[in-house]
Amino acid sequence: MPGEYPRRAGLAVTGGRNDFHAGARFGGTRLVRLFVRSSAGRLLGATSLSTLLLADIAVAQTDAAVRMAGLSVDTFEVMQMAMFTGVMGAALISAIVLIRERARTSGENAELRTRIADLNAALQRSEALLNLRDQRVVVWTAEKQKPELIGTLPAETGAPEDRSAFLAFGRWLMPRSAAALDHAMAGLRERAAAFDLVVETQGGSPLEVQGRKSAAHALVKFMSLSEAQRNQARLRLDNQRLSTEYESMLGLLDALKTPFWLRAADGRLKWVNRAYAEAVEASSPDAAVGEGKEFLGTQAREAIARQHVASPVFEQKLSTVIGGDRKVFTVTDFAGGSGSAGIALDMSAVEAIREDYERTVRSHADTLDQLTTAVAIFDNGEKLRFFNQAFQKLWDLDGGFLASAPDNALLLDRLRSEGKIAEQPEWRRWKENLLGAYRAVETQEHWWHLPDGRTVRVVANPQPNGGVTWVFENLTERMNLESRYNTAVRVQGETLDNLAEGVAVFGPDGRIRLSNPAFAGLWGLPSDMVERKMHISAIRAECDALAKDSPWGGFVAAVTGFDDERRDRHGQTELNSGIVLRFAVIHLPNGQVMMTFVDVTDSVNVERALKEKNEALQKADQLKNDFVQHVSYELRSPLTNIIGFTELLSLAATGPLAPRQREYVEHIGSSSSVLLTIVNDILDLATVDAGIMELEIAEVRIDQTIAAAAELIADRLEEHSIRLEIDAAAAPKAFHGDETRIRQILYNLLSNAVNYAPESSAITLSCRQLEQGVEFAVHDDGPGMSPEVLDTVFKRFEPRVNGGRRRGAGLGLSIVKSFVELHGGSVRIDSGRDRGTTVICRFPAAPSGVRAAAE
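Notes on the structure follow. None of the values given here were measured: they were computed from a predicted structure. The residue numbering used here restarts from 1 in each chain and proceeds along that chain's sequence as written. In view of the model being predicted, local features appear only for residues whose pLDDT reaches at least 70, and side-chain atom pairs are presented and counted only at 80 or more, with totals across whole chains, interfaces and linings using the full set of residues. To get the side-chain values, take all heavy atoms of the structure and skip hydrogens and water.

**Details of the packing of aromatic side chains**
Each Phe, Tyr or Trp ring (for Trp, its six-membered ring) is paired with any other whose centre lies within 6.5 Å, and the angle between the two planes then decides the class: stacked below 30 degrees, edge-to-face above 60, tilted in between. Tallied over the entire structure, the rule returns 29 aromatic pairs. By way of ring pairs, the aromatic residues Phe-387, Phe-391, Trp-395, Trp-427, Trp-430, Trp-448 and Phe-472 are connected into one cluster. Whether a charge sits over a ring comes down to the Lys NZ or Arg CZ being within 6 Å of the ring centre and within 35 degrees of the ring normal. Across the ring face of Phe-166, the terminal group of Arg-136 is positioned such that the distance to the ring centre comes to 4.7 Å.

Structural data, given as structure tokens:
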């Protein structure tokens, strides 16, 4: 319906002209847009804007015509007309555009066909060139990793035609060429590194290989060469090989720990290795060459130059200084037409090893010479190379004959001819069997019974070098010892059976292994119990009832191993019958336990009597001490007077004395001094025994105290030409004690040492710091003390000559022990026959108190 179209177009129609024009413009524009979206509009997309403009122009023209004519036209008709006009205009324009586009496309197609024809011609030319029989190309594309092969190579080159065989370069190229080609191709494909190589096939034909890479391809071209090019390529290959070998040789020489050098024709250094630079203390090989540092001295170099005049090779041992030490080198130097090369091998270690080997051989020979077993060593030619003195002594052979290196067969024949080995029924077979040791692998052993009654064990030990070491062990004495041992065992058995002491040996299993009749008799055991090897528990059951305080519980623990420690035990038990048995439990090395029982009833009774007598003796000793103390006090005053008047007589003011009178006065004075010393010692001991001696504890300067004691003994040292060596390097400066008593201790020790030291010997007085005090030690090289003397050395009034010069009162070491123990210290004597005597006194750094000295 005509009246409804404007509403659907969205216009408010009021019947006016302006409204008509507006509706027509809106409706025309919308139809044009719908047309553009249509299928025709898609075909004419390139001219859609022109079509839209033409539709607007048509609507405007129609509107103008209506106005000019003053006609009244229906709105729908106007739209139809405008639509037709726009479509026709768009079709006309589209036709023009399509005609022009088709003409342009036809021209481009003609140009492309021409270019394709040119590319086909170029491709044919390239394929013709690539398919020549003197080259082959391997091509990799960016999209396709699998390479393509173009062209062929002549069959005489040895290159395979098959694609996979050709790409396996290691199968038809020389190993060095294949490795170089693989390395170059990897660089080409990964880093676009072009290359030019000459490779050699396994047939000896050279090939030139070029590698290039473009934006999309990687190409490797193999080309065969002409005869001239082959010769040139072979020269290049030889040059490459020689260069590689030269570099390898220089690398090897540089890695050697042995100095190596190259010289030019004028003798200047041209190249050295690192070992050479280190030997001449240069920072680097180049620095050694640049500075001209020589490894060998001038004389050595001149000797090498003189040798080269006569011979190109010089080889000799030369010495030079390396790192401040002189070493021996084996120098080998070769002179060529354009220079020389040399190497120096350090022979210092070899020489040292050779000398050490020679010393070892001599040492082994000396050792074997000291053996009592005869040893003879033969080489792989069966010649005697070594024999010890025991071998010569065993067979009593002439030294000249043995030094002539006789063979083994000749030696056996001589021993036979001299009757030193027993005659054999088949001598030749016996000798061949004996000499079979040279062809044996294992050690062989023989027993020879000699005509003189000796028995010799012969051991043949094959050596790795084919020789044999023969060991001749004289077992005559051993067999005699075994015989005597068996006899001794039987004798001991008989002796054991007749002992009054009871003996029983129990095994690790607790059963009795050995016993004598006295054991069963002391304990009243049935004989069958012992003979049946009863267990110790059964024996305990029999013996417990016989003793008042049975020790068999401990015996069982010791035998069965229940004791925590395997310690020997001693004890005593009393039986119900009044018999007293002293027992001992002794652990034997083989796990067995031996028990001994002795009837000491009489000894116990005697011991009781002796104890009573000992108490009486102790009382008598106390009376003696009291008497000695009293007499000493009474003797002191007269002795002081005698000494004083003797000194007055010696003075010139009292008048001259005849020589004999002066000698008598000196004897009186010396004897009085000795007697006074003894009296003073007795008084000191009496004071100690009474417990009233007090020490004056103060700081004692060790150096001064030692010097004072040495001064007191100086005259006696000089009299016997004895040196006093003082070692106080490890001593402290001072410690706390009674200086007077310390000096008296050192004097007594030195006096005792002088008495026993040999003439012109040395006495050592040493002092050293301990962790908790000070130690003084006096050593002399006298005859030493036996264990019996050591037991009584500290007893009073026990004078011992024992090789000494003077026989004293026997109080010196007693006073030393008493004074040291008053300081809280200890005294120890280390002595033995023929190793001298050392008396060691240890003092605390600061005595905490004074205690009674031991008597």
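The rest of the description comes next.
**Thoughts on the pairing of strand S12 (residues 384–387)**
In this structure, strand S11 (residues 374–378) lies alongside S12, joined through three bridges in antiparallel fashion. From the neighbouring strand, Ala-376 faces S12, where its bridge partner is Phe-387. Paired strands are those between which DSSP finds at least two bridges. Comment: elements are numbered from the N terminus, with helices defined as DSSP H or I runs of at least four residues and strands as E runs of at least two.

**As for the sheet that holds strand S10 (residues 339–346)**
Taken together, the five strands give an open sheet; going across it, the order is S7-S6-S10-S9-S8, and neighbouring strands pair in antiparallel fashion. Looking at strand neighbours, the two that pair on one side only are strand S7 (269–272) and strand S8 (313–322), the edges of this open sheet. Taken pair by pair, the neighbouring strands of this sheet meet at an average axis angle of 25°, ignoring direction. Two elements, S8 and strand S9 (residues 325–335), share ten bridges in a ladder whose sense is antiparallel. Across the sheet, the residue bridging to Leu-318 is Phe-329, located in S9. Against the sheet, helix H12 (residues 298–310) touches strand S6 (260–264), S8 and S9, its axis set at about 175° to S8. Every axis in this analysis is a line fitted to C-alpha atoms, fitted for helices over the stretch in contact. Angles between the N-to-C directions lie between 0 and 180 degrees. Contact between two residues is taken to exist if any of their heavy atoms lie within 4.5 Å; hydrogens are not considered.

**Here's the deal with the pattern of salt bridges**
Salt bridges, as used here, are contacts in which a Lys or Arg side-chain nitrogen is within 4 Å of a carboxyl oxygen on Asp or Glu. Tallied over the entire structure, the rule returns 30 salt bridges. For the salt bridge of Arg-274 with Asp-254, the shortest nitrogen-to-oxygen distance reads 3.1 Å. Of the two residues, Arg-274 is situated in helix H10 (residues 274–279) and Asp-254 in helix H9 (residues 227–255); the sequence distance between them amounts to 20 residues. To sort residues, take the accessible area from a 1.4 Å probe on protein chains only and compare it with the maximum for the residue type: under 20% means buried, over 50% means exposed, and anything in between is partly exposed. On the basis of relative accessible area, Arg-274 is assigned to the partly exposed category, the value being 44%. For Asp-703, the salt bridge is made with Arg-701, and the minimal N-O distance between the two is 3.9 Å. Connected via shared salt-bridge partners are Lys-317, Glu-351, Arg-354 and Glu-358.

**A word on empty space enclosed by the protein**
Definitions used throughout: a 1 Å grid over protein atoms alone; a cavity as a set of points that fits a 1.4 Å probe which cannot get out; a pocket as an open set with protein on both sides within 12 Å along at least five of seven lines; a lining residue as one with an atom within 4 Å of a point. Grid points are joined across faces, edges and corners, and a volume is the space filled by probe spheres set on the points. Applying the stated rule across the entire model yields four cavities of 30 Å³ or more. Computed from the structure, the second largest cavity encloses a volume of approximately 80 Å³. What lines the second largest cavity is simply Phe-378, Phe-391, Trp-395, Asn-408, Leu-411, Leu-412, Leu-415, Leu-434, Trp-448, Trp-470 and Phe-472. Tallying contributions element by element places helix H16 (residues 408–417) first for the lining of the second largest cavity, with four residues. Amino acids outside the nonpolar list (Ala, Val, Leu, Ile, Met, Phe, Trp, Tyr, Cys, Pro) and the charged list (Asp, Glu, Lys, Arg) are all regarded as polar, and Gly is one of them. Split into classes, the residues belonging to the lining of the second largest cavity amount to ten nonpolar, one polar and no charged.

**Brief notes about the pairing of strand S19 (residues 580–587)**
Along S19, six of the eight residues are buried, which leaves the element largely enclosed by surrounding structure. Where strand S18 (residues 569–574) and S19 come together, six bridges link them in antiparallel fashion. Residue pairing in the sheet places Gln-572 in a bridge with Arg-582 of S19. Here S18 folds back onto S19 in antiparallel fashion, the turn holding five residues, of which Gly-578 has a positive phi close to 95°. Taking the residues between adjacent antiparallel strands as the criterion, S19 and strand S20 (residues 593–599) are bridged by five residues, where Gly-591 takes a positive phi near 85°.

**A short note on the sheet that holds strand S15 (residues 468–474)**
Judged by pairing direction, the sheet is antiparallel, and its five strands sit side by side in the order S12-S11-S15-S14-S13 without closing on themselves. Among the strands making up the open sheet, the edge pair consists of S12 and strand S13 (444–449). Each strand axis lies, on average, 20° off the axis of its neighbour in the sheet, ignoring direction. Bridge count between S13 and strand S14 (residues 455–462): six bridges; the pairing is antiparallel. Bridged to Glu-445 within S14 is Val-459. Across the face of the sheet, helix H17 (residues 427–435) comes into contact with S13 and S15 while running at roughly 140° to S13.

**Here we look at the packing of helix H21 (residues 536–543) against helix H22 (residues 552–560)**
Between H21 and H22, the least distance of the axes is 10 Å, while the angle of their chain directions is 175°. Viewed along their axes, H21 and H22 adopt a mutual orientation that is roughly antiparallel. Here Ile-536, Ile-539, Arg-540 and Cys-543 of H21 lie close against H22, whose contacting residues are Trp-552, Gly-553, Phe-555, Val-556 and Val-559. Counted by class, the contact of H21 with H22 contains seven nonpolar, one polar and one charged residues. Note on angle classes: values under 35 degrees are labelled roughly parallel, values over 145 roughly antiparallel, values of 65 to 115 roughly perpendicular, and the remainder oblique.

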